[in-house]
Each structure stands twice: as structure tokens, then as C-alpha cells.
Amino acid sequence: MPSYISAYDTEAVYAWWDAPTGPGYQGRISYEGERLAECIAGVRAVAQVHIERQAPASFFIVAELLQSAASEFRAILDEPLFDIQCHSFTHKDLISLADADDQAALQYELVDSKKLIEDTFSRPVIGLTAPGGYTRGFIGQERILHVMWEAGYRYMRTVGAGPDGTMPAPLNRPFWYAREGFPGLLEMPSHAWHDNILTGQPGKVLWPPQFPWPYPAHMPEDAQGVYAAYAPGIDYVQQANLPYYLPIFHPWSVYRIDRRAQQLDLLLRRAQTENLPRVSCTQQYEYALAHKSQIPDASPDDL
């Protein structure tokens, strides 16, 4: 029986609809004022849905948020239902840092971030979501994998895009990085749309479609439309005998579409109706660890 995994890339509001105040990602985000309040409200809305449904969830946090609002995030997320993991320190492209041989930056994004999150929540962090997501994850990235292993990471979500970094992400299966020299590191690919791209943020969309169900005829503008774009995955993973379905969501983007995060409530209810276990990423990792031989090792040709 496949699982339905709830995971949230918890980061500052990326106000792509505003004029940039600086270069790149950092030019459209703010860790203070109205944007910070909006970010916190989004996390609160997502958490409330999960509490009401008693459904576990993983929150992968950009550590820089905790320098501005640690007490607010603890108040919302520090409860047993939630799994707290890492989404880097400042949302940098980790492969670009490795390609530039910037070891200090990798240490900051992967190790210092992990420590800050652990210190804030008094919990161990063993999982990472890579900012943006990649077509082939960390296959071939021995430098990054080494830093992660030494820091205590044991699983990651780095496969989160289609060919050439396009959306939506294929429904890839999990694998171990044994052929890269790290048999104890698990890749848990993310699936389907990045909800921010689905609902308007500029991004590369794969065309012609090579996805198990049709693209939406129109860009979703409400919770029902977002739900309709994701819900077929719940049926598909059962038909294809996949181990899980792990759609990609960001609390700020969820909140922008529906302030009560009803798209998530609809998906959680659908998963429950279909009798899919609703789990966190760490719960799925623990299952994988207990059934290690059932999950293949990665090959460079797999993705």
C-alpha cells in the first residue's frame, strides 16, 4: 500500500509578482515586516489543517527564518505530529556551490543550518530538501554527499524536477546513494508540480507533457483547482504500485491561494478515503531503512 507523504518547503515568501529589490531569490524575499508575517501565517494555516486531520507532516525549514522568528515557529511547529528538517540556510543552489568548490558555503548551508534548527527545536535533523530540486538529485555530487553524511543527514529530497529542470517532477522511486559511495543515504524524490509554479510563478514546464495525468486546462486560482491538479497522483501511485506520493508544496504559496489551506485538507481527506497511510518523510525513511533491500541503488542512467 503506497503512503501519502506531506512535506513543506518552509521558506520566506518569494514575491515573484513584485519588482525585485536586488539580484535573484534574495531580491524578492524579506525576513521582516509584512512578508515575514505572511510567511508565519502560511505555516500556521498548513499546520492547523494537519492538526485538525491528525495527519503527520514534515517541515523543511530555511534556517535563516529562525534568526528572525524562532519563537513563532516553535509555537506553531513544536508538537509531536510534526517532523522538523532542513531546507538549507539561505536557499542557495547547492550544486553551484559544490561546482565552485566553495566548501565554506556548503558548510554554512548544510551544517550550520542543521545545527541552528536542532538547537531551536531540540530535535535531531536527519533530512534535507535541496532548494529548487534537481533532475538527477545529487548523483555525481560526492563532495555534497560527503558533507551531508559527516553532518548526520540520512535522507534527502533532491530529485524534484523533470528533464532540464522542468516541471512537473516525474514520479520517481526512492534509491540509495550506494554507487556514489554512501549506501546509508536515501533519496526520496518529490513528485508532481511545485505549487508555486503551478499557480503562476515563472518556471520551465515540460512540453509536450510526459506526465501520468493531464495538465490543468487553466492555471488554478483556488484551493479546488490546486487539489484537482494534484489529486490524480493518489490514484496513480496505487495503480503503478509506487511506494509513496510526495507532492511539492510551500506554505507561503499555499496561503497565497487559500488562507485556510483547504487544498491540503482536500488532499489529506482524499488520501484517507483511499486508505493511504498519511506519513512524514522521516516515517517513510524509517520504513525504507527497515526494508532496505527492496530499494535499489542509484545509477547515473536512472534519471
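Residues numbered from 1 in each chain as written. Predicted model: local features only at pLDDT ≥ 70, side-chain atom pairs only at ≥ 80, totals over all residues. Heavy atoms only, no water.

Each helix and strand in the chain was counted, giving 11 helices and 12 strands. The C-alpha radius of gyration computed for the chain amounts to 18 Å, which stays within 12% of the reference 19 Å derived for 303 residues, consistent with globular compactness. In terms of overall dimensions, the chain has C-alpha extents of about 45 × 45 × 40 Å along its principal axes. Counting over 303 residues, the chain shows a buried share of 58%. Considering only intrachain contacts with a sequence separation of at least 6, the fraction spanning at least 24 residues in the chain is 77%. Per element, the accessible surface of the chain, about 12,500 Å² overall, is 48% carbon and sulfur. Between the centroid of the 23 positive side chains of the chain and the centroid of its 36 negative side chains there is a distance of 3 Å. (Helix = DSSP H or I, 4+ residues; strand = E, 2+ residues; numbered from the N terminus. Rg over C-alpha atoms; globule rule 2.2 N^0.38 Å. Buried < 20%, exposed > 50% of the residue type's maximum accessible area, 1.4 Å probe, protein only. Contact = heavy atoms within 4.5 Å. Areas by Shrake-Rupley, 256 points an atom, 1.4 Å probe, with all protein chains shown as cover. Lys, Arg positive; Asp, Glu negative; His and termini not counted. Charge placed at Lys NZ, Arg CZ, Asp CG, Glu CD.)

Within the open sheet, the 3 strands sit side by side as 10-1-12. Their pairing is parallel. Looking at which strands have only one partner, the edges of the open sheet turn out to be strand 10 (244-245) and strand 12 (278-279). Alignment of strand 1 (residues 3-5) against strand 10, held across 2 bridges, turns out to be parallel. The residue of strand 10 that forms the bridge with Ser-3 is Tyr-244. (Pairing = 2+ DSSP bridges.)

Ranked by size, the top nonpolar core spans 96 residues in total, and within it Phe-59, Phe-73, Leu-77 and Phe-138 carry the most contacts. The greatest single-element share of this core, amounting to 9 residues, is contributed by helix 1 (residues 33-53). For Leu-77, the contacting residues outside a window of four places in its chain are Val-43, Ala-47, Phe-59, Ile-61, Phe-82, Ile-84, Phe-121 and Arg-123. Formed by 14 residues, the second largest nonpolar core is a distinct cluster that contains Ala-7, Met-188, Val-279 and Cys-281. (Core = buried A, V, L, I, M, F, W, Y, C linked by side-chain atoms within 4.5 Å.)

Once that is clear, we can look at the packing of helix 7 (residues 223-230) against helix 10 (residues 262-273). Two elements in contact, helix 7 and helix 10, have axes separated by 8 Å at closest approach and are oriented at 40°. Between helix 7 and helix 10, the angle is such that the two are oblique. Like other packed secondary-structure pairs, helix 7 and helix 10 cross with a definite hand, here right-handed. Here helix 7 contributes Ala-223, Gln-224, Val-226, Tyr-227 and Tyr-230 to the contact with helix 10, which in turn contributes Gln-262, Gln-263, Leu-266, Leu-267 and Arg-270. Of the residues assigned to the contact of helix 7 with helix 10, the class counts are 6 nonpolar, 3 polar and 1 charged. (Axes fitted to C-alpha atoms, helices over the stretch in contact; angles between N-to-C directions. Parallel < 35°, antiparallel > 145°, perpendicular 65-115°, else oblique. Left-handed = near helix turned anticlockwise from the far one by under 90°. Nonpolar A, V, L, I, M, F, W, Y, C, P; charged D, E, K, R; others polar.)

Turning next to unusual backbone geometry. Here the residue pair Met-167 and Pro-168 is connected by a cis peptide bond, since its omega of 0° sits within 30 degrees of zero. Note that Pro-168 resides in the loop between strand 6 (155-159) and strand 7 (175-177). Of the consecutive residues Trp-207 and Pro-208, the connecting peptide bond is found in the cis state with omega at 0°. Its place among the elements puts Pro-208 in the loop between helix 6 (195-198) and helix 7. At Ser-122, a position not held by glycine, the phi torsion is positive, near 55°. Checked against the element boundaries, Ser-122 lands in the loop between helix 4 (103-121) and strand 5 (127-134).

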